Amino acid sequence: DGGITQSPKYLFRKEGQNVTLSCEQNLNHDAMYWYRQDPGQGLRLIYYSQIVNDFQKGDIAEGYSVSREKKESFPLTVTSAQKNPTAFYLCASSRPGQDTEAFFGQGTRLTVV
Amino acid sequence: EDQVTQSPEALRLQEGESSSLNCSYTVSGLRGLFWYRQDPGKGPEFLFTLYSAGEEKEKERLKATLTKKESFLHITAPKPEDSATYLCAVTTGGGNKLTFGTGTQLKVEL
């Protein structure tokens, strides 16, 4: 079945450590996105990539980094510079074309301990 | 700055009691409006896309409509399995970046 796979589902990190969240898709979508979800707030865009080897900052990119070396993969690194990393992280992808719907993975819940 | 506001924040219905969720938007040129359903601890599930005022889409007990200022998600004769958070999002400008509202948490009781 085609879809978006995020791993791990739960992740615990100590303060001061970097951590990488995995996102893989087999939908053959060009565009991929990372969103962050906090209680009482809408999803906020961290980074997005419309093509391999290219990506742009979203609204809240500080303290995060990404890479897009393969079409199917878009990992997100939460660095120690991110002040409030505890959140629910969602990866999404969309097919080519303007204003097409995005499909989401099941999310990774990151907790800093 | 693009803004998406959803109301109410929470809604409790009895099974079979129809109602509507609202999504109002203030954006510089709407390109698409999207409705998603999200269950606790899961990623959003795509429901509908609307592109122009007057457009309507239906799926089972759900019907989405769009005007120049807002969208409604109508739920007809809801069942407990319709309980979820419903998210509204818009795209403006280039690309498919979504701007989300904060959602309406719907609970349908027997």
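Every chain begins its residue count from 1, and numbering advances along the sequence as written. Whichever chain is written first becomes A and whichever ligand is written first becomes 1, with later ones labelled in order. Given that this is a predicted model, residues contribute local features only at a pLDDT of at least 70 and side-chain atom pairs are listed and counted only at 80 or more, while totals for whole chains, interfaces and linings are drawn from all residues. By convention in this description, side-chain values take in all heavy atoms of the structure and omit both hydrogens and water.

## Quick look at the pattern of salt bridges
Side chains bearing opposite charge may pair, as long as their charged atoms lie close to each other.
Residues and elements named next belong to chain A.
Turning to step 1, where the next piece is worked out: Each reported salt bridge corresponds to a side-chain nitrogen of Lys or Arg within 4 Å of a carboxyl oxygen of Asp or Glu. Inspection of the entire model under this criterion finds nine salt bridges over all chains.
Turning to step 2, where the next piece is worked out: Between aspartate 38 and arginine 36 there is a salt bridge; the shortest N-O distance is 2.8 Å. With respect to burial, aspartate 38 and arginine 36 carry one shared label: buried.
Turning to step 3, where the next piece is worked out: Salt-bridge contacts for glutamate 101 lead to arginine 95; the nearest nitrogen and oxygen are separated by 3.5 Å.
Turning to step 4, where the next piece is worked out: Through salt bridges with shared partners, a single ionic network connects Arg36, Asp38 and Arg44. Residue exposure (1.4 Å probe, protein chains only): buried if accessible area is under 20% of the type maximum, exposed if over 50%, otherwise partly exposed.

## Side note on the sheet that holds strand 8 (residues 76-78) of chain A
The strands that make up a sheet pair up through hydrogen bonds in the backbone, lying either parallel or antiparallel.
Residues and elements named next belong to chain A.
Turning to step 1, where the next piece is worked out: Within the open sheet, the four strands sit side by side as 1-3-8-7. Their pairing is antiparallel. Of all the strands in the sheet, the pair left with one neighbour each is strand 1 (4-7) and strand 7 (64-66). Here the average twist between neighbouring strands, direction ignored, is 20°.
Turning to step 2, where the next piece is worked out: A pair of strands is considered paired only if DSSP assigns at least 2 bridges between the two. Comment: elements are numbered from the N terminus, with helices defined as DSSP H or I runs of at least four residues and strands as E runs of at least two. Across three bridges, strand 7 lies against strand 8 in antiparallel orientation. Along strand 8, the bridge assignment pairs serine 65 with threonine 77. Between the N-to-C directions of two axes lies an angle of 0 to 180 degrees, each axis being a line fitted to C-alpha atoms and, for a helix, fitted only over the stretch in contact.

## Details of the pairing of strand 7 (residues 62-66) of chain B
Residues and elements named next belong to chain B.
Turning to step 1, where the next piece is worked out: Across the five residues that make up strand 7, a large majority, four, are buried.
Turning to step 2, where the next piece is worked out: Across four bridges, the pairing between strand 6 (residues 56-59) and strand 7 is antiparallel. From the neighbouring strand, glutamate 58 faces strand 7, where its bridge partner is lysine 63.
Turning to step 3, where the next piece is worked out: Relative to strand 8 (residues 70-75), strand 7 runs antiparallel, the two sharing five bridges. Counterpart to leucine 66 in the pairing with strand 8 is serine 71.
Turning to step 4, where the next piece is worked out: Between strand 7 and strand 8, which follow one another and run antiparallel, lie three residues.

## Digging into the interface of chain A and chain B
Turning to step 1, where the next piece is worked out: Any two residues whose heavy atoms approach within 4.5 Å at even a single point are treated as in contact. Taken residue by residue, the interface counts 25 residues in chain A and 22 residues in chain B.
Turning to step 2, where the next piece is worked out: Once two parts are put together, the accessible area they lose, assessed with a 1.4 Å probe and summed over both, is termed the buried area. With both sides pooled, the region where chain A packs onto chain B buries about 1,800 Å², and carbon together with sulfur makes up 50% of that total.
Turning to step 3, where the next piece is worked out: Here chain A is connected to chain B by zero salt bridges.
Turning to step 4, where the next piece is worked out: Under the rule applied, a polar contact is a pair of N or O atoms within 3.5 Å (in protein, one hydrogen donor and one hydrogen acceptor; residues adjacent in sequence only if both atoms are side-chain atoms). Run the count over chain A and chain B and you get three residue pairs in polar contact (both at pLDDT 80 or more).
Turning to step 5, where the next piece is worked out: Tallied by class, the residues present in the side of chain A that touches chain B amount to ten nonpolar, eleven polar and four charged. Think of it as three bins: nonpolar holds Ala, Val, Leu, Ile, Met, Phe, Trp, Tyr, Cys and Pro, charged holds Asp, Glu, Lys and Arg, and polar takes everything else, Gly as well.

## Here we look at the state of the cysteines
Residues and elements named next belong to chain A.
Turning to step 1, where the next piece is worked out: The disulfide definition used here is simple: a pair of cysteine sulfur atoms within 2.5 Å. For the coordinates displayed, the defined rule picks out two disulfides over all chains.
Turning to step 2, where the next piece is worked out: The side chain of cysteine 23 participates in a disulfide bridge whose partner is cysteine 91; the two sulfur atoms lie 1.9 Å from each other. The disulfide joining cysteine 23 to cysteine 91 has a torsion of about -75° about its S-S bond and is therefore left-handed. On the criterion of sequence distance, the pair formed by cysteine 23 in strand 3 (residues 19-25) and cysteine 91 in strand 9 (residues 87-94) is long-range, its members being 68 residues apart.
Turning to step 3, where the next piece is worked out: Given a relative accessible area of 1%, cysteine 23 falls into the buried group.

## Overview of the layout of surface pockets
Turning to step 1, where the next piece is worked out: Method remark: on a 1 Å grid restricted to protein atoms, a set of points is classed as a cavity if a 1.4 Å probe fits but cannot get out and as a pocket if it is open with protein on both sides within 12 Å along at least five of seven lines; lining residues have an atom within 4 Å of a point. Grid points are joined across faces, edges and corners, and a volume is the space filled by probe spheres set on the points. By volume, the largest pocket amounts to about 560 Å³.
Turning to step 2, where the next piece is worked out: What lines the largest pocket is a set of 26 residues, among which Gln37(A), Pro39(A), Gln38(B), Thr85(B) and Gln105(B) lie closest to the centre.
Turning to step 3, where the next piece is worked out: Of all the elements in the fold, those that place two or more residues in the lining of the largest pocket are strand 9 and strand 11 (108-112) of chain A together with strand 9 (84-92) and strand 11 (104-109) of chain B.
Turning to step 4, where the next piece is worked out: Sorting elements by how many residues they give to the lining of the largest pocket places strand 11 of chain B first, with four residues.
Turning to step 5, where the next piece is worked out: Across the lining of the largest pocket, the residue classes tally to eight nonpolar, twelve polar and six charged.
Turning to step 6, where the next piece is worked out: Here the second largest pocket is characterised by a volume of approximately 410 Å³.
Turning to step 7, where the next piece is worked out: Forming the boundary of the second largest pocket are 17 residues, of which Asp59(A), Glu1(B), Asp2(B), Leu98(B) and Thr99(B) lie nearest the centre.

The analysis is restricted to geometry; functional conclusions fall outside its scope.
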